[in-house]
Each structure stands twice: as C-alpha cells, then as structure tokens.
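So the chains spell out like this:
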2 protein chains.
Amino acid sequence: MRVSVPLRRAYKLINHGPTTLITSAAGTKRNVMTAAWVMAVDFDPPKIVAVVAADTFTRTLVEQSGEFVVNVPTLRMIDVVYAAGQRSGEDEDKFAQFKLATSPASIVGAPFLDGCAAWLECRVVPEPHMQERYDLFVADVVAAWADDASFRDGLWRFERPEDRTLHHLSSGAFITSGDIVQAKS
Amino acid sequence: MRVSVPLRRAYKLINHGPTTLITSAAGTKRNVMTAAWVMAVDFDPPKIVAVVAADTFTRTLVEQSGEFVVNVPTLRMIDVVYAAGQRSGEDEDKFAQFKLATSPASIVGAPFLDGCAAWLECRVVPEPHMQERYDLFVADVVAAWADDASFRDGLWRFERPEDRTLHHLSSGAFITSGDIVQAKS
C-alpha cells in the first residue's frame with residue numbers, strides 16, 4: 001500500500017543510490033525516462049538533484065511544468081527500466097508501449113508509476129546556469145511516498161527478492177540491492 | 001592490483017550509487033570523510049558532483065586545494081565508512097585513528113585510501129553559487145583507477161562477498177551490492 005513518508009525521511013528513499021524512473025507531464029503530454037543520476041543534496045527540507053539531458057522529451061516537459069516525480073522501481077520492472085532509457089517518448093507514449101499503469105500524484109502534475117517502491121514529488125528550483133551547463137536540475141521534494149511492503153517506519157525492508165531496488169552498472173546490467181549489514185557504532 | 005581505468009569508463013565506478021569516502025589534502029593537513037551524496041553528471045570527459053557540507057574539515061581542504069579523491073570502499077571497510085562520517089578530522093587525524101593506509105594519487109594531492117575498490121581523482125570546477133547555496137561541488141574526473149579484482153574490462157565483478165560495495169540506508173545500516181541481473185534488450 002502506498003503510504004506517505006515524512007519529508008524529513010524522504011532522502012532515505014534514494015540514499016542507497018537506486019536507478020530511478022522520472023515521470024513528467026505538461027499540457028496533454030507525459031513521459032517516463034530512466035535516470036541513474038539522481039541523488040539527495042539536503043535532508044530537511046529535502047532537496048535532490050537530477051541530470052535530465054538536453055535532448056530528451058522529459059527535459060521539455062520538466063522545463064514547461066517545473067515538476068517531476070522520481071519513481072523508485074524494483075527488480076520486477078527491470079526490463080522496463082532498461083527499455084525506458086533507450087527510447088524517446090516524443091513520438092510514442094512509453095506508458096502505453098510498456099503497459100505502465102499510473103496514478104495521480106498528490107501535489108505535482110506528473111504521475112506516479114504503479115508498482116514502484118517509492119515516489120518523490122519534486123518541484124524544480126530554477127538554477128538556469130546548472131541546467132544549461134550540466135543538465136543538472138535542483139528540486140524541492142514536496143511530498144514523498146513509499147510502498148509499505150518495501151519501506152516502513154523509516155527503513156527499507158527488501159523482504160522479498162522481487163522488491164529489491166535496481167542500481168545500473170551499464171548496458172542493461174544492474175545490481176539489485178543486496179543484504180542489509182549494520183556497522184558497529 | 002590497482003589499474004588505470006579509461007576516463008570514458010570512469011562514471012561506471014559510481015553509477016550504481018555506492019557510498020564513498022572522500023579524501024582531501026592541503027598544506028600539511030589531510031582528511032577522509034564519508035560521502036553518500038556523490039554521483040556522475042557526465043560521461044566523457046567525466047564529471048561528478050559531490051555534497052561537502054559547509055561545516056566539515058573536508059570542505060576547508062577542498063576549497064584550499066581544489067582537489068579531492070572519491071574512494072569506493074567495500075564491505076571489509078564498513079566500520080570505517082560509518083565512523084568516518086561521524087567524527088571531524090579537524091582535531092585528530094582520522095587516518096591514524098582508523099589505521100588507514102594510503103598511497104599517493106597520480107595527479108591530485110589528496111591520497112588514495114588503500115583497500116578500496118575504485119578511485120576517482122577529481123579537480124573542482126568552480127561553481128561558487130552551487131557551493132555556497134547547496135554545498136554542491138562540480139568536479140572533473142582527471143584520472144580513474146580500480147582494483148582489478150573488483151572491476152575489470154569495464155565491468156564490476158563482485159566475485160567475493162567482502163568485495164561488494166556499500167550503499168548507506170541510514171544510521172549505519174547499509175546494503176551491499178547484490179546480485180548482477182541483466183535486462184532483456
């Protein structure tokens with residue numbers, strides 16, 4: 001079940017470096033794009049940065065709307081995660097093509113991808129120089145959600161192998177999130 | 001054995017989101033700091049971004065020298081990875097405290113941490129606004145290295161459990177890099 005995550009804990013949803021799917025929408029158009037280069041830059045209020053390349057349809061939609069959702073997919077979605085990074089959504093609707101179900105987000109116009117483990121609703125903080133020079137977008141996380149089968153009480157669970165997150169190595173090879181280990185303090 | 005990695009492949013050393021150790025040096029001082037918020041932002045020539053908080057000794061050394069090394073530690077080093085994020089190196093030498101052996105880097109003044117799986121030598125690209133506002137440093141990767149037991153021919157191996165990379169969840173709980181899985185193309 002999708003449950004709200006307190007904003008002060010939002011960074012935890014991507015702190016371990018999962019590859020994500022960025023959804024975006026503007027006017028009647030929407031898109032989904034694979035993004036490995038997404039990370040937290042602040043805790044509370046939470047901020048992230050994401051690379052959205054200049055030649056992508058997602059870039060157009062993010063610049064038009066000032067919003068996007070960072071979806072955190074699981075092993076079940078590996079083929080979609082790879083394929084969504086290989087094709088453009090400008091000419092074809094990738095949601096239809098990959099049979100992806102969506103749900104409305106709570107604040108932003110971009111949709112949630114159903115079946116993911118976590119969702120960060122993001123609003124761009126305009127930094128034109130960084131956007132132009134490095135394709136880097138700074139965003140406030142304005143709402144955060146998680147599937148309580150995967151993330152509960154501020155902790156990732158990974159109880160079932162198919163719920164593990166994906167971390168892209170290269171060329172469609174990923175690692176899944178492995179065993180949880182605790183450092184001595 | 002530490003071997004050179006072509007710069008076009010440097011992004012692969014951190015693409016899966018490992019938690020890193022940043023080493024820095026200026027004058028007679030040096031330091032090591034845990035950094036989960038490090039990611040690639042460009043392939044070739046490779047660039048990364050890293051969050052280095054304003055109140056850290058590493059920040060002082062990076063601002064003085066304009067250089068740092070991103071070291072990618074493995075499961076063997078979990079206790080050091082956690083501890084190095086909990087203490088400041090301003091008053092005590094963390095290398096001595098944690099018995100960390102180092103080697104000279106090839107280009108920058110910051111040292112390599114021995115026992116890691118990969119090393120990125122980085123030179124800061126001055127972006128004063130991003131540094132001040134978000135503690136975010138952009139850097140060129142000027143040389144890249146890997147232990148060939150962990151990364152060979154452009155691919156991560158993870159053949160031994162103790163060679164797996166660490167990905168911080170929170171409060172000293174990490175995941176290790178899990179199984180390698182291949183998407184259908």
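For the structure itself, consult the block above.
The structure contained in this document is the topic of the report that follows.

Analysis parameters
Residues numbered from 1 in each chain as written. Chains lettered and ligands numbered in written order. Predicted model: local features only at pLDDT ≥ 70, side-chain atom pairs only at ≥ 80, totals over all residues. Heavy atoms only, no water. Helix = DSSP H or I, 4+ residues; strand = E, 2+ residues; numbered from the N terminus. Buried < 20%, exposed > 50% of the residue type's maximum accessible area, 1.4 Å probe, protein only. Least-squares fit on C-alpha atoms with pLDDT ≥ 70 in both. Phe/Tyr/Trp six-rings, centres within 6.5 Å; stacked < 30°, edge-to-face > 60°.

1. What about unusual backbone geometry?
All names here are of chain A.
Okay, step 1: With an omega dihedral of 0°, the bond running from aspartate 44 to proline 45 counts as a cis peptide bond.
Okay, step 2: Within the secondary structure, proline 45 is located in the loop between β4 (38-42) and β5 (47-51).
Okay, step 3: Phi is positive for phenylalanine 158, close to 55°, though the residue is something other than glycine.
Okay, step 4: With respect to the helices and strands, the residue phenylalanine 158 is situated in the loop between β12 (155-156) and β13 (166-170).
Okay, step 5: Residue classification places phenylalanine 158 among the buried residues on the basis of a relative accessible area of 6%.
Okay, step 6: Positioned with a positive phi, serine 171 is a non-glycine residue whose angle comes to about 55°.
Okay, step 7: Looking at the secondary structure, you find serine 171 in the loop between β13 and β14 (173-182).

2. Regarding the relation of the copies chain B and chain A
Okay, step 1: Of the transformation superimposing chain B on chain A, the axial component is 0.0 Å and the angular component is 180°, with the fit at an RMSD of 0.0 Å. Read as a symmetry element, the transformation amounts to a two-fold axis.

3. Focus on the packing of aromatic side chains
Okay, step 1: Enumeration over the complete set of coordinates arrives at 14 aromatic pairs over all chains.
Okay, step 2: Between tryptophan 37 of chain A and phenylalanine 43 of chain B, the aromatic rings sit 4.7 Å apart at their centres with planes inclined by 45°, giving tilted as the arrangement. Here tryptophan 37 of chain A, found in the loop between β3 (29-35) and β4, pairs with phenylalanine 43 of chain B, found in the loop between β4 (38-42) and β5 (47-51), and the two come from separate chains.
Okay, step 3: For tryptophan 37 of chain A, a relative accessible area of 10% corresponds to the buried category.

These values are about where atoms sit, not about what they do.
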